[in-house]
Amino acid sequence: MEENQNQDQNEIKQEASASTEELKNETVDTVKQVKESMKNVNVKEDAKQTKGFITEMFKNPLGKIKEIANDSSNKNFKTAIILVIIWTVAALLGSISFKYFSWRTFGSTLLGYIKTILAPVLVIVITSIIIFLMNQKSKKSLVTVLTTVTTAKLPVIIAKVISLLVLISAGISKITSEISGFCSIISTVFLYFAIKDLYGEKEDKTAFKNFIIIEAIYVVISFVISYLGIYI
């Protein structure tokens, strides 16, 4: 009995070590691809591609998510990076208060801005890493997972941009908050299908189970991170 337990523990350790090494390699490859994608930035062309990407999502969101989840060429990765940048900029602008700016509190304020910028990035990265590590059935590259998750978060990104209207009129916050809530729900639905497509799962029962497990792990991690003052 004890021998079997030791054997099981060794297998778990080996699997954990293999997963860690795989994640490490994928992370290095992802960083390289991020650098490569951002080398040749063409604002006009990239803006055109991003606009086309968003249009396709409006026309056929589930089809687009499925296409990206099964795209080994990762042709939309640069667009995903741009969307995350838009999200972080919108979040930063929404948190800046020029009216109450003070050099005395600049240090703590700057730290707050850094946390605000990190939040959208962490949402994508943490969700993607959980999906990547949990997926043993139809393994996809971390870049593919990151691109697919970002695509699923598009409604949230759009809502964050729309919420900047409060900078013009504070009274419009009632409308933007409703839009944000609605977009959050849509994004959750998109994420379910994103996970289902990334896993290559056809059974809704199993896909839903995977989704719940991933979301539960995410909630626990986000709770821990909240103690750092970062809310995702």
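Provided above is the structure to which this section pertains.
Right, let's walk through the structure included here. Here the structure is a predicted model, which is why all the values come from computation and not from measurement.

In terms of regular secondary structure, the protein is built from nine helices and zero strands. Going residue by residue from the N terminus, the α and β elements of the protein occur as α-α-α-α-α-α-α-α-α. Relative to its full complement of 232 residues, the protein shows a buried share of 34%. Put simply, of all contacts in the protein between residues at least 6 apart along the chain, 74% involve residues at least 24 apart.

Among the structural elements, Ile131 can be located in helix 5 (residues 106-134). With 79 residues separating them in the primary sequence, Ile131 and Asn210 have C-alpha atoms 9.0 Å apart. The contact partners of Ile131, leaving out residues within four places of it in the chain, are Val145, Val149, Ile195, Leu198, Tyr199 and Ile214.

Ile131 and Ile195 are the most contacted members of the largest nonpolar core, which has 39 residues in total. At the level of elements, helix 2 (43-59), helix 3 (61-69), helix 4 (77-95), helix 5, helix 6 (142-152), helix 7 (154-162), helix 8 (173-199) and helix 9 (204-226) are the ones that each hand at least two residues to this core.

The next thing to look at is the pattern of salt bridges. Summed over all chains, the structure comprises seven salt bridges. Residue Glu56 is joined to Lys64 by a salt bridge in which the shortest nitrogen-to-oxygen separation is 2.6 Å. Linking Asp197 and Lys66 is a salt bridge whose minimum nitrogen-to-oxygen distance equals 3.6 Å. Within this pair, whereas Asp197 is found in helix 8, its partner Lys66 is found in helix 3, the two being separated by 131 residues in sequence. Exposure remark for Asp197: the relative accessible area of 11% places this residue in the buried category.

Quick look at helix 7 now. Those residues of helix 7 that fall on the buried side of the exposure criterion are Leu154, Pro155, Ile157 and Ala159. In this fold, the buried residues of helix 7 make contact with helix 2, helix 4, helix 6 and helix 8.

This part takes up the packing of helix 2 against helix 3. Following both chains from N to C, one finds helix 2 and helix 3 inclined at 120°, their axes separated by 5 Å at the closest point. The orientation of helix 2 relative to helix 3 falls into the category oblique. For the pair helix 2 and helix 3, contact is made by Phe53, Glu56, Met57, Phe58 and Lys59 and by Pro61, Lys64, Ile65 and Ile68, respectively. Looking at the contact of helix 2 with helix 3 residue by residue, the class counts come to six nonpolar, no polar and three charged.

With respect to the helices and strands, Thr147 occurs in helix 6. A residue is classified by how much of its surface remains accessible, and Thr147, at 2% relative accessible area, is buried.

Glancing now at a nonpolar patch on the surface. On the surface, Val34, Met38, Val41, Val43, Ile85, Val89, Leu93, Leu165, Val166, Leu167 and Ile168 cluster together into a nonpolar patch covering about 920 Å² of accessible area. Those elements that place two or more of their residues in the nonpolar patch are helix 1 (2-39) and helix 4. Considering the arrangement of structural elements, one finds Val41 in the loop between helix 1 and helix 2. Residue class for Val41 comes out partly exposed when judged on its relative accessible area of 47%.

This next bit is on unusual backbone geometry. In this model, Asn74 sits at a positive phi of 55°, which is unusual for a non-glycine residue. For Asn74, the position within the fold is in the loop between helix 3 and helix 4. By relative accessible area, Asn74 is classed as buried at 13%.

Checked against the element boundaries, Ser163 lands in the loop between helix 7 and helix 8. Separated by 73 residues in the primary sequence, Ser163 and Ala90 place their C-alpha atoms 8.4 Å from one another.

The next point concerns the side chain of Glu26. Here Glu26 shows up in helix 1. Apart from the residues lying within four places of it in its own chain, the contact partners of Glu26 are Phe132, Ser141 and Leu142.

A word on the packing of aromatic side chains. Within the structure shown, the criterion is met by three aromatic pairs. Ring geometry for Tyr192 against Phe211: centres 5.7 Å apart, planes inclined by 85°, an arrangement best described as edge-to-face. Here the residue Tyr192 occupies a position in helix 8, and Phe211 occupies one in helix 9, the gap between them amounting to 19 residues. Pair check on accessibility: Tyr192 and Phe211 agree, each one buried. Through successive ring pairs, a cluster of aromatic residues spans Tyr192, Phe193 and Phe211. Over the face of the ring belonging to Phe132 we find Lys139, whose NZ or CZ atom lies 4.5 Å from the ring centre.

What counts and how
- Residues numbered from 1 in each chain as written.
- Predicted model: local features only at pLDDT ≥ 70, side-chain atom pairs only at ≥ 80, totals over all residues.
- Heavy atoms only, no water.
- Helix = DSSP H or I, 4+ residues; strand = E, 2+ residues; numbered from the N terminus.
- Buried < 20%, exposed > 50% of the residue type's maximum accessible area, 1.4 Å probe, protein only.
- Contact = heavy atoms within 4.5 Å.
- Core = buried A, V, L, I, M, F, W, Y, C linked by side-chain atoms within 4.5 Å.
- Salt bridge = Lys/Arg side-chain N within 4 Å of Asp/Glu carboxyl O.
- Axes fitted to C-alpha atoms, helices over the stretch in contact; angles between N-to-C directions.
- Parallel < 35°, antiparallel > 145°, perpendicular 65-115°, else oblique.
- Nonpolar A, V, L, I, M, F, W, Y, C, P; charged D, E, K, R; others polar.
- Patch = residues over 30% accessible without salt bridge, like charges linked within 9 Å, V, L, I, M, F, W, Y side chains within 5 Å.
- Areas by Shrake-Rupley, 256 points an atom, 1.4 Å probe, with all protein chains shown as cover.
- Phe/Tyr/Trp six-rings, centres within 6.5 Å; stacked < 30°, edge-to-face > 60°.
- Lys NZ or Arg CZ within 6 Å of the ring centre and 35° of its normal.

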